[in-house]
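Close look at the chain arrangement
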Amino acid sequence: MRLMATMSLLCSALVACTGGPDAGRDAAAHEHADTGFAALQARGRTAMGVDQYTSTHRFDSLPDGGRIELQRNGDDPAGIATIREHLRGIARAFSTGDFSTPAFVHLREMPGTRVMAERKDRIRYTYADLPRGGEVRITTADAEALQAIHAFMAAQRGEHRAGGEHP
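Note that this is a predicted model, so its numbers are computed, not measured. (Residues numbered from 1 in each chain as written. Predicted model: local features only at pLDDT ≥ 70, side-chain atom pairs only at ≥ 80, totals over all residues. Heavy atoms only, no water.)

1. Here's the deal with the packing of aromatic side chains
Applying the stated criterion across every chain, the model contains five aromatic pairs. When the centroid spacing of 6.2 Å and the interplanar angle of 80 degrees are considered together, the rings of F37 and Y53 count as edge-to-face. On the criterion of sequence distance, the pair formed by F37 in helix α2 (residues 23-48) and Y53 in the loop between α2 and β1 (55-62) is long-range, its members being 16 residues apart. Ring geometry for F99 versus F152: centroids 6.3 Å apart, planes at 65 degrees, classification edge-to-face. Here the residue F99 occupies a position in the loop between α3 (77-95) and α4 (100-106), and F152 occupies one in helix α6 (residues 143-160), the gap between them amounting to 53 residues. Summarising the burial analysis for this pair, F99 and F152 share the class buried. In this structure an aromatic cluster arises from ring pairing among F94, F99, Y125 and F152. The cationic tip of R161 hangs over the ring face of F37; the distance from NZ or CZ to the ring centre is 3.8 Å. (Phe/Tyr/Trp six-rings, centres within 6.5 Å; stacked < 30°, edge-to-face > 60°. Helix = DSSP H or I, 4+ residues; strand = E, 2+ residues; numbered from the N terminus. Buried < 20%, exposed > 50% of the residue type's maximum accessible area, 1.4 Å probe, protein only. Lys NZ or Arg CZ within 6 Å of the ring centre and 35° of its normal.)

Have a look at this one:
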């Protein structure tokens, strides 16, 4: 944490010295964004049970829905088991229209979740193991639910700074 704070101060100083009239404001916005991301990662660790910096998320938008993938970056049997249990719980919660976990992690209602909750009977959530974690596959034939799923995936990709497919 101390290293991150030092790096942030050095980066702010460099931008302020080289960046022009808005550099100080831009550096402050950058520092706030990094602090916000670190807080999101910490809430993610609380909700998911594993260090978000040593795990990889993917949020794919697919033609019939989406896919949430979470895997440990290395061999970690306990972490893998924790991820699998977390994702099984996510599949169960989402299928009942409960999106409280992403709301906690992001400190807001995530885009698409209201429609996904309203149309829960038109969406299927399927969990599967992956080598170092698991995935939740989300499928629907409903056009409005599909649009909501894609909005949810896009917001997750952006805020987690994660990879994933998108149309």
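2. Here we look at empty space enclosed by the protein
Per the counting criterion, the structure on display carries one cavity of 30 Å³ or more. By volume, the largest cavity amounts to about 150 Å³. Along the wall of the largest cavity there are 15 residues; nearest its centre are M48, H57, H86, I90 and Q156. When residues of the lining of the largest cavity are traced back to their parent elements, those giving at least two are β1, α3, α4 and α6. (1 Å grid on protein atoms, 1.4 Å probe; cavity = no way out; pocket = protein on both sides within 12 Å on 5 of 7 lines; lining within 4 Å. Points joined across faces, edges and corners; volume = space filled by probe spheres on them.)

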